[in-house]
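Fold and geometry: a report
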Amino acid sequence: MKPRFGVRKYPIVVLFSIIISSVIAGLILIPSIWLILTAITVPFTDLIAILSREKTIQILINSVVMVSLTTVCAILIAVPLAFITTCSDIPYKRFWTVMVCLPLVIPSYIGAFAYVSTFGPYGTVQKMLFQFGVEELPSIYGLSGTVIVLTLYTYPYVYLTTRSSLKTLDPHSIDVSRTLGVSRWKTFSKLIWKQIYPAVIAGGLLVALYCLSDFGTPAIMRYDVFTRAIYIKRFDLGFSAILSLILLALAIVILSIESKFHKSVSTTKKVDFKETFQISFGKWRTLLIGFPLIISFFGIIIPLITFFGWFSLDPVSGNVFSIPYKHIFNSVLVAFAAAIVITLSSTPIAHLVARKTPSWRGIIQKASYIGYAMPGVVIGLALIFFGSRYLGSYYQTLPLLIFAYVIRFFPLSIGSNVTAISSVDLELVHASRTLGMGPIRSFFKITFPLVTPSWLAGFSLVFLTVMKELPITLMLRPTGFETLVTLIWKAEDANFYGDAALPIVMLLIVSGLSMVLLLMQEGPNP
Amino acid sequence: MNDLKPLEVWPPLRSNDPIDPVLEIENMFKNFSGNQVLSNLSFSVGKGELLTLLGPSGGGKTTILRCIAGLQEIDGGSIKIHDELVSSPGMIVPPEKRGVGIVFQNLALFPHLTVGQNVSFGINSYDLELYPEKVDDLLKLVDLSHKKDCYPHELSGGQKQRVALARSLAPNPSILLLDEPFSSIDAGLRIAMREELRTVLKTTGTTTIFVTHDQEEALSISDRVLILKNGRIEQSGTPQDLFNYPRSRFVASFLGHASFISGFLEGDIISTIMGNVNRKNIYGLSKEYDKLSIEILFRPEDLNIKKCSPKKSNGTATYQRYLGEKILYKVTLSNGEVIQCSAPTTSDIPLNSDVCVSIESKGRLAWFPPSRVG
């Protein structure tokens, strides 16, 4: 029963939201539509030429191989880890759970930076081994390095989905299966795996999407995939637009499969059993610790040792502990501006989603989610050309950079805004009205205080996420505008490790806070 | 329901319309996306009266409350509070200007405010200066003085319900609306809570409209009950009048166990399979219905059931259910009609045994035209 308010189909607030939301969704879509139009209007002969170029085919193969390998590796690491830290009887389970989640805090490009400096041709390990006669380590660059680093920093996505799915299993059903005379292995394959595999695959697809759109890691590892090629060829519009279109198509395919699995994961009943089923490993249990130990050694310990080691290096620019105030200020400035714009502009859409009106709100919602599918380099590319062609005076200015952040991180903010608005039961406002408060006072006394906590959480999440964004910042920042991220990027490029030490530690703190917020948003069980 | 209507005037003997109405609803209509939810509804509530809207779920009860509170516009008719028009099609006085309090089904306590702040929410600061003890008085009234600084999530279901009540009473509303306030409270506590509610409402002299789908709740708490079905008033009256003199089979069945048994009127005697009834004992059955088949409404307490020999028996006990203080039986009479009657728990009538059911009514019985004519 949809209430009708007199002759108007929608109440005035909803009508207002609909108009604003449509405008915002339209603005967000413009650059991608323009990019698609550009790619489509490339003359057919040129198109064939670009597609059949050896380079193009190589990039496609490289990307697919890298994405598939990383996804498989991430699943192979994450599923056993989830079992060990959730359902076994190893000691200090909470500690190991936190340890194996920690790689989430390290942006993969910073991980790649650490790996190159440690295992690269002039790295620490090479120098140490040289004394023992090892002349050359197998190269860290290329496919293997990219896959290793991406696996180490993305497996937590699979780990988290698998773990929460394991927690929804009824512990008694395992007992039932065993008492029915089914063997351990069959119990696993027929009962446990059947129930958790949608979550595993959903997590795996998240990893695939991440790898496909990640720019920093393959760039540092000098491995030619779509993102790196688009970045390098960003001034060759026809070529890079077509590459972007292929990349976007791949991302959308992954996302649409993911949303199917995600649906089947989230629609399974969310009963919280007080206990998770436990498998006793007896004397083997101490041995089992080895696995999370090895993974966190490579994922966390090695990069941390590396970064702290850099503090002993002499930076090019003065003291290793000299705080880069200008860069911090710039980072905070753009992140704050972007967070304000994103949080405010996503409110009307969140309002429609939370209040489940109008029936066609899905279109607006999907349009505003384009940032999920669009890798940063694609947004960057679209805005470089769109900006230089139609927004002459805004090209290479902060507003354009912030607009790019808006497109990329808009979806991040809708979620928390929807939570914020749904946390206000309309009945509460009605109760306030019947107690003599007018609509405006009701808003300030009821809606506003209730919305504020999740609104602030959403704001902070966007703020922190923007601060560590790499490709858009690199491509669209005004000339001479340096942030913490570009500082790190330049230091990597020039092997000035001492310059990067302090900014990286700062960025890790930012990143850590954003992860805490993200996990808090997704539920009380991190 | 049927063309055949009683000729005599039916109760209520007491006047149905309050002399001093606080709320008057006239010919109210309400549609939701084309469906008529309320049609041509008229009733009024007197000062200090506790009126209950009773009816099956989806009968439009909550919609009536929302229209009275000004949370929904109406599509026809009018609503007046203290002789002042507050709602008519296209015109609506906003909820905050009506002086109507409401306790929602989900209670809608403000989660970010304490019990004390919730209760004082609707009292304006001027009043609070004049009567600083008002919040404490209200909390004392609902026996929650010790929870003043607690937040809603720290309270039990019953306590939350009492906070919601105190909060809605605080601004001295001219009418209080209660939308199934006990729905989230377990059965045991519910009976105690409704006694308490009635005491509080009568102490404060609050004019109240109470909505429920529970007939027992309605009959035990109300001054007057309005039975709703599909957005129309089926019947209204005091609980006793409704129970004893239902005007339709729907009302009769809705208010308690009801069986309809056929009888044949001849002179002053109606003969049924369970024995004869004098015409004077049937309400509103006049001589003009002579030589006609009618159906008489029997409640379990109008009947007596006992074991007897197959020769004398007039039915078989086919079903039994313990109701606590008594046992409810369903008896299939020898002519195929089914009747519900009750016996003390000490009686030992086995299932499928032969029984004698006899009429033992001391009061007057209600009758209906036969449901299956021809």
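Residues numbered from 1 in each chain as written. Chains lettered and ligands numbered in written order. Predicted model: local features only at pLDDT ≥ 70, side-chain atom pairs only at ≥ 80, totals over all residues.

A short note on the overall build of chain B
For chain B, the count of helices and strands is nine helices and 21 strands. Counting only C-alpha atoms, chain B reaches 80 × 45 × 35 Å along its principal axes. Looking at chain B as a whole, 40% of its 374 residues are labelled buried. The contacts of chain B with a sequence gap of at least 6 include a subset with a gap of at least 24, amounting to 66%. (Helix = DSSP H or I, 4+ residues; strand = E, 2+ residues; numbered from the N terminus. Buried ≥ 20, exposed ≤ 12 C-beta atoms within 10 Å, placed from the backbone. Contact = placed C-beta atoms within 7 Å.)

Focus: the pairing of strand β4 (residues 76–81) of chain B
Residue and element names in this part refer to chain B. Pairing analysis gives five bridges linking strand β1 (residues 21–32) to β4, with the strands arranged antiparallel. Following the sheet pairing, Leu23 is matched in β4 by Ile81. As defined by bridge partners, β4 adjoins strand β5 (residues 84–88) across three bridges and the pair is classed as antiparallel. For Ile81, the partnering residue across the bridge sits in β5 and is Glu84. The hairpin formed by β4 and β5 contains two residues between the paired strands, and His82 there has a positive phi angle of roughly 50°. (Pairing = 2+ DSSP bridges.)

Here we look at the sheet that holds strand β9 (residues 208–212) of chain B
Residues and elements named next belong to chain B. With mixed pairing, six strands are arranged side by side in an open sheet as β7-β8-β9-β3-β10-β11. Here the strands that pair on one side only, and so sit at the sheet edges, are β7 (100–103) and β11 (232–237). For this sheet, the mean angle separating the axes of adjacent strands, direction not counted, is 20°. Bridge count between strand β3 (residues 50–54) and strand β10 (residues 224–229): four bridges; the pairing is parallel. In the strand pairing of β10, Leu53 is matched with Leu226. The strands touched by helix α1 (residues 61–69) within the sheet are β3, β7, β8 (175–179), β9 and β10, with β8 carrying the most contacts at an inclination of about 150°. (Axes fitted to C-alpha atoms, helices over the stretch in contact; angles between N-to-C directions.)

Section: the interface of chain A and chain B
With 20 residues of chain A in contact, the opposing surface of chain B contributes 22 residues. Those elements that provide at least two residues to the side of chain A that touches chain B are α20 (426–434) and α21 (439–467) of chain A. The greatest single-element share of the side of chain A that touches chain B, amounting to six residues, is contributed by α20 of chain A. Split into classes, the residues belonging to the side of chain A that touches chain B amount to ten nonpolar, five polar and five charged. (Nonpolar A, V, L, I, M, F, W, Y, C, P; charged D, E, K, R; others polar.)

Section: the domain arrangement of chain B
Residues and elements named next belong to chain B. Partitioning chain B into domains gives domain 1 (21–99 + 173–253) and domain 2 (257–368). Look at where the C-alpha atoms of domain 1 and domain 2 centre, and you get two points 35 Å apart. No other element matches helix α9 (residues 249–255), which puts three residues into the side of domain 1 that touches domain 2. Partitioning the side of domain 1 that touches domain 2 into residue classes produces three nonpolar, two polar and one charged. (Domains from an automatic or database assignment.)

Some remarks on the pairing of strand β19 (residues 338–344) of chain B
Residues and elements named next belong to chain B. Sheet topology places strand β18 (residues 326–333) next to β19; seven bridges connect them, and they run antiparallel. In the sheet register, Tyr329 faces β19, and the bridge partner there is Cys341. Between β18 and the antiparallel strand that follows it, β19, lie four residues; Gly336 among them carries a positive phi value of about 95°.

Notes on helix α18 (residues 376–390) of chain A
End to end, α18 of chain A covers 21 Å across 15 residues, agreeing with the expected 21 Å (1.5 Å per residue, within 8%). Across the 15 residues of α18 of chain A, twelve count as buried, placing the element largely inside the fold. (Expected span 1.5 Å × (residues − 1).)

Details of the domain arrangement of chain A
Residue and element names in this part refer to chain A. Along its sequence, chain A is organised into domain 1 (8–41 + 316–526) and domain 2 (56–309). Contacts between domain 1 and domain 2 engage 29 residues on the former and 31 residues on the latter. Breaking the side of domain 1 that touches domain 2 down by element, the ones donating at least two residues are α1 (12–40), α17 (370–373), α18, α22 (471–476) and α24 (497–522). Considering every element that reaches the side of domain 1 that touches domain 2, the biggest residue donor is α24, with nine residues. Residues of the side of domain 1 that touches domain 2, tallied by class, amount to 22 nonpolar, five polar and two charged.

Observations concerning the sheet that holds strand β13 (residues 269–272) of chain B
Paired through backbone hydrogen bonds, the strands of a sheet run either parallel or antiparallel to each other. Residue and element names in this part refer to chain B. Taken in spatial order, the five strands make up an open sheet running β14-β13-β12-β15-β21, and their pairing is antiparallel. Edge positions in the open sheet fall to β14 (275–278) and β21 (366–368), since each of these has one partner strand only. Each neighbouring strand pair of the sheet contributes to a mean axis angle of 40°, computed without reference to strand direction. Two elements, strand β15 (residues 293–298) and β21, share three bridges in a ladder whose sense is antiparallel. Note that in β21 the partner of Ile296 across the bridge is Trp367.

A few points about the environment of Gly55 of chain B
All names here are of chain B. Among the secondary structure elements, Gly55 is positioned in the loop between β3 and α1. The sequence separation of Gly55 and Gly188 amounts to 133 residues, and the corresponding C-alpha distance is 22 Å. When residues no more than four places from it in sequence are discounted, the contact partners of Gly55 are Lys61, His213, Ile227, Leu228 and Lys229.

A look at the confidence of the model for chain B
Scored by pLDDT, chain B has a mean of 86; 95% of the residues are at 70 or more. In the predicted structure, residues 1–15 of chain B sits below a pLDDT of 50 and forms 18 contacts with residues beyond four places in sequence or in another chain. (pLDDT = per-residue confidence, 0-100.)

Section: the packing of helix α15 (residues 325–355) of chain A against helix α19 (residues 398–422) of chain A
A packed helix pair is summarised by two numbers, namely the angle formed by the two axes and the spacing between the axes. Residues and elements named next belong to chain A. Following both chains from N to C, one finds α15 and α19 inclined at 45°, their axes separated by 5 Å at the closest point. Of the possible angle classes, the one that applies to α15 and α19 is oblique. Crossing of α15 against α19: the hand is right-handed. Its residues assigned to classes, the contact of α15 with α19 comprises 19 nonpolar, eight polar and no charged. (Parallel < 35°, antiparallel > 145°, perpendicular 65-115°, else oblique. Left-handed = near helix turned anticlockwise from the far one by under 90°.)

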